[in-house]
Amino acid sequence: MSSKPSRIKPPLGPDNAWWWDQVSKGTVFPIQRCSGCGKLRHPPRPICDACRSMEWNWIAASGRATLHSYTVIHHPAFPGYEYPILIALVDLEEGERAISQLVDCDRDAVRIGMSLEARIQTDADGFKLPVFRPVA
Ligand SMILES: [Zn+2]
């Protein structure tokens, strides 16, 4: 077991636990889909804003995205993180927008609109989360 502090875990509830469970099983980026009208929605939530259906299923996104915006976090320095952190707002190929971490990318090389791909990052404690990196 690592003596290093680990990443702060997301709070899990009935609306999002399934999403993290799918990521832990290897789905790089699940997207919730309304069973009533087929509209995609992310982050997961209980009711479709288009048809009010509470029935849903999900799809596995391609993982392809473009960078919509980003920010660089330097402070506060929580244990378990390596700084600076590039936080990305990405437009998924499927049309949904998501917040994630940009990895394998020098800060000076970040460009709005750059092509990205998702991969699952596994932390030292085994926690898995999707992150994005530039497409080579
Ligand atoms: Zn719907």
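See above for the structure.
So, here's what we can say about the structure. (Residues numbered from 1 in each chain as written. Predicted model: local features only at pLDDT ≥ 70, side-chain atom pairs only at ≥ 80, totals over all residues. Heavy atoms only, no water.)

1. Focus on the overall build of the protein chain
For the protein chain, the count of helices and strands is one helix and eight strands. Moving toward the C terminus, one meets the helices and strands of the protein chain in the order α-β-β-β-β-β-β-β-β. In terms of overall dimensions, the protein chain is globule-like: its C-alpha atoms have a radius of gyration of 16 Å, near the 14 Å expected for 136 residues. Projected onto its principal axes, the C-alpha positions of the protein chain cover 45 × 35 × 25 Å. In the protein chain, which comprises 136 residues, the proportion classed as buried is 35%. By sequence separation, contacts in the protein chain at least 24 residues apart represent 50% of the contacts at least 6 residues apart. Entry remark: accessible area of the protein chain is about 8000 Å², with carbon and sulfur atoms responsible for 54%. Taking the average place of the 16 positive charges on the side chains of the protein chain and the average place of its 15 negative ones, the gap between the two points comes to 2 Å. (Helix = DSSP H or I, 4+ residues; strand = E, 2+ residues; numbered from the N terminus. Rg over C-alpha atoms; globule rule 2.2 N^0.38 Å. Buried < 20%, exposed > 50% of the residue type's maximum accessible area, 1.4 Å probe, protein only. Contact = heavy atoms within 4.5 Å. Areas by Shrake-Rupley, 256 points an atom, 1.4 Å probe, with all protein chains shown as cover. Lys, Arg positive; Asp, Glu negative; His and termini not counted. Charge placed at Lys NZ, Arg CZ, Asp CG, Glu CD.)

2. Quick notes on the coordination of the zinc ion
At 2.3 Å from the zinc ion lie its protein donor atoms, namely C34 (SG), C37 (SG), C48 (SG) and C51 (SG). Metal-centred angles of 99 to 115 degrees between the four donor atoms at the zinc ion mark the site as tetrahedral. Read from N- to C-terminus, the donor residues coordinating the zinc ion fall into the pattern C-x2-C-x10-C-x2-C. In this pair, C34 sits in strand β1 (residues 30–34) while C48 sits in the loop between β2 (40–41) and β3 (56–60), placing the two residues 14 residues apart along the sequence. (Donors = N, O, S within 2.8 Å, 3.2 Å for Na, K, Ca; no water. Tetrahedral: all angles 85-135°; square planar, octahedral: opposite > 155°, others 65-115°.)

3. What about the nonpolar core?
Counting residues in each nonpolar core, the largest one holds 28 residues, and the members touching the most others are F29, V90, L92 and F132. At the level of secondary structure, the elements contributing two or more residues to this core comprise α1 (17–24), β4 (64–73), β5 (85–92), β7 (115–122) and β8 (128–134). Residue contacts for V90: discarding those within four places in its chain leaves A65, T66, L67, H68, E96, R97, A98, L116 and F132. (Core = buried A, V, L, I, M, F, W, Y, C linked by side-chain atoms within 4.5 Å.)

4. Focus: the sheet that holds β8
Here five strands make up an open sheet; going across it, the order is β6-β5-β4-β7-β8 and the pairing antiparallel. Each edge of the open sheet is held by one strand with a lone partner, namely β6 (97–101) and β8. Within this sheet the neighbouring strands show an average axis-to-axis angle of 40 degrees, counted without direction. Bridge analysis of β5 against β6 gives five bridges, and the strand direction is antiparallel. Residue I87 lies in a different strand from β6, and its bridge partner there is Q101. Running over the sheet, α1 touches β7 and β8 and is turned about 70 degrees from β8. (Pairing = 2+ DSSP bridges. Axes fitted to C-alpha atoms, helices over the stretch in contact; angles between N-to-C directions.)

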